[in-house]
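As a plain string of letters, each chain reads:
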Amino acid sequence: MRNTIKLSIVLAAASAAMGAQAQDKVLNLYSARHYQTDEVMYETFTKTTGIKINRVDADDAGIVARLRAEGAASPADVILLVDAARMASADSQGLFQPIKSAKLDAAIPANLRADATKDGVTWTGFSTRARVIIYDPLRVKAADVATYEQLADPKLKGLVCTRSGSHPYNLSLFATVVERLGDAKGEEWLKGVVANMARAPKGGDTDQIKAVASGECGVALTNTYYVARMIKSSKPEDRSVMEKVRVVFPNQGTSGTHVNIAGAAVARHAKNKDNAIAFMEFLASPFAQDYFANGNNEFPAVKGLKVDNPAIKAMGGDNFKAEQIPLGVVAKNMTKVQQMLDRAGYK
């Protein structure tokens, strides 16, 4: 009888150990990134660590909605989202948990992460993109669009085009400008931008580039990876568009060009936290940075690391001065800035 009990205990312990071992080899990833080059990165992580990645792909809003619906039962370990505004929004809903990692602290600049607390950091940027100004050289001088502040200058009246002011890409930029200028001057700046609109905000960033090329607008905002896609495009019509426009990295003589991130976080209810942290640290490796950034024509987030991308070099963005205001600080301005946009009539 005693031998039977002992055998049962041994078998139970072995079963528990096997279950833990199986769990240790799994990472459940919810990703809003849909770039084929990322596949190599995931495969390499698995080959290097033996940890299998189970991936769920959706857009940012879909991932956040799923996490909220799943609650504590969510299998998600790591969340990949695009833009600090989206990361901050999900964080504010309690969907992430803070982690501590000396490797990430050493590799990723503090301004590209959420504010650190005694418990750690909730989200981290792993690639960056710059928000640049596109202009028509036949209608606008480069000197007139050298800064974001100049978008509100009356000399650009009837020339400015953007996508929705509430889109995360613009909201992050505007929150940064307000952080730098202060509330009163920041709101006046937003009103000035609205007064200079060529038309009501609409479309995406690529649409803004095309609108400048077509003559509908004289000036527009876009993220650099949209410009790079057009430069690398095999379509004659895309190349024709890029021949008609020019690119400015704003505020090079002052605060630097606004940059945003594609980032990652450990899910609030992660069942495989150690594996999640290991994956986050892997994303900061030179190998992963190359795939993470180059797959979408972005810039690496790791300090001092360069990615050789001909399209980025063609637009003059391989060595620009980037703004250093922490995105974690900027994220706190989002609600306030949205209210400013409403008052300014920025749709």
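If you're wondering where the values come from, they're calculated on a predicted model, not measured in any experiment. (Residues numbered from 1 in each chain as written. Predicted model: local features only at pLDDT ≥ 70, side-chain atom pairs only at ≥ 80, totals over all residues. Heavy atoms only, no water.)

Moving on, we get to the pattern of salt bridges. Side chains that differ in charge, positive against negative, can pair when their charged atoms come close. One pass over the full model with this rule turns up 20 salt bridges. E216 is paired through a salt bridge with R199; the nearest N and O atoms lie 3.2 Å apart. With a gap of 17 residues between them, E216 in the loop between α8 (205-214) and β7 (219-223) and R199 in the loop between α7 (183-195) and α8 connect regions that are remote in the sequence. You can call R199 buried: its relative accessible area is 13%. (Salt bridge = Lys/Arg side-chain N within 4 Å of Asp/Glu carboxyl O. Helix = DSSP H or I, 4+ residues; strand = E, 2+ residues; numbered from the N terminus. Buried < 20%, exposed > 50% of the residue type's maximum accessible area, 1.4 Å probe, protein only.)

Pairing analysis gives six bridges linking strand β1 (residues 26-31) to strand β2 (residues 52-57), with the strands arranged parallel. Across the sheet, the residue bridging to L27 is I53, located in β2. In this region the chain leaves β1, passes through helix α2 (residues 38-49) and returns to the parallel neighbour β2; the handedness of that crossover is right-handed. (Pairing = 2+ DSSP bridges. Right-handed = clockwise from strand over helix to strand, strands pointing away.)

The next thing to look at is empty space enclosed by the protein. Taken as a whole and judged by the stated rule, the model has two cavities of 30 Å³ or more. Taken as a whole, the largest cavity encloses approximately 40 Å³ of empty space. Together, I99, K100, S101, L104, D105, R113, V121 and T124 line the largest cavity. Each residue belonging to the lining of the largest cavity can be placed in one class, and the counts come to three nonpolar, two polar and three charged. (1 Å grid on protein atoms, 1.4 Å probe; cavity = no way out; pocket = protein on both sides within 12 Å on 5 of 7 lines; lining within 4 Å. Points joined across faces, edges and corners; volume = space filled by probe spheres on them. Nonpolar A, V, L, I, M, F, W, Y, C, P; charged D, E, K, R; others polar.)

Within the element layout of this structure, D83 appears in the loop between β3 (78-82) and α4 (84-92). For D83, which is buried and forms no salt bridge, the nearest opposite charge comes from R129, at a distance of 5.6 Å. Of the polar contacts made by the side chain of D83, one reaches the side chain of N260; its length is 2.9 Å. Beyond its immediate stretch of four places on either side in the chain, D83 contacts P168, Y169, S172, N260, I261 and A262. (Lys, Arg positive; Asp, Glu negative; His and termini not counted. Polar contact = N/O pair within 3.5 Å; in protein donor to acceptor, adjacent residues only side chain to side chain. Contact = heavy atoms within 4.5 Å.)

Simply put, disulfide is the name for a covalent bond between the sulfur atoms of two cysteines. Across all of its chains, the model carries one disulfide by this definition. A disulfide bridge connects C161 with C217, and the sulfur atoms are separated by 1.8 Å. Between C161 and C217, the S-S torsion sits near -80 degrees, and that sign places the bridge as left-handed. With C161 in strand β6 (residues 160-161) and C217 in the loop between α8 and β7, this residue pair connects regions lying 56 residues apart in the sequence. The residues C161 and C217 share a single accessibility class, namely buried. (Disulfide = S-S within 2.5 Å.)

Here N309 lies in the loop between β10 (299-300) and α13 (310-314). For N309, a relative accessible area of 2% translates into the label buried. A polar side-chain atom of N309 sits 3.0 Å from a polar atom in the side chain of N297. Apart from residues lying up to four places away in sequence, N309 is in contact with K232, N294 and N297.

Let us look at the confidence of the model for the protein. Looking at the protein, the pLDDT average stands at 91 and 93% of residues meet or exceed 70. Note on residues 1-23: pLDDT is under 50 here. Beyond four places in sequence and across chains, it has three contacts. (pLDDT = per-residue confidence, 0-100.)

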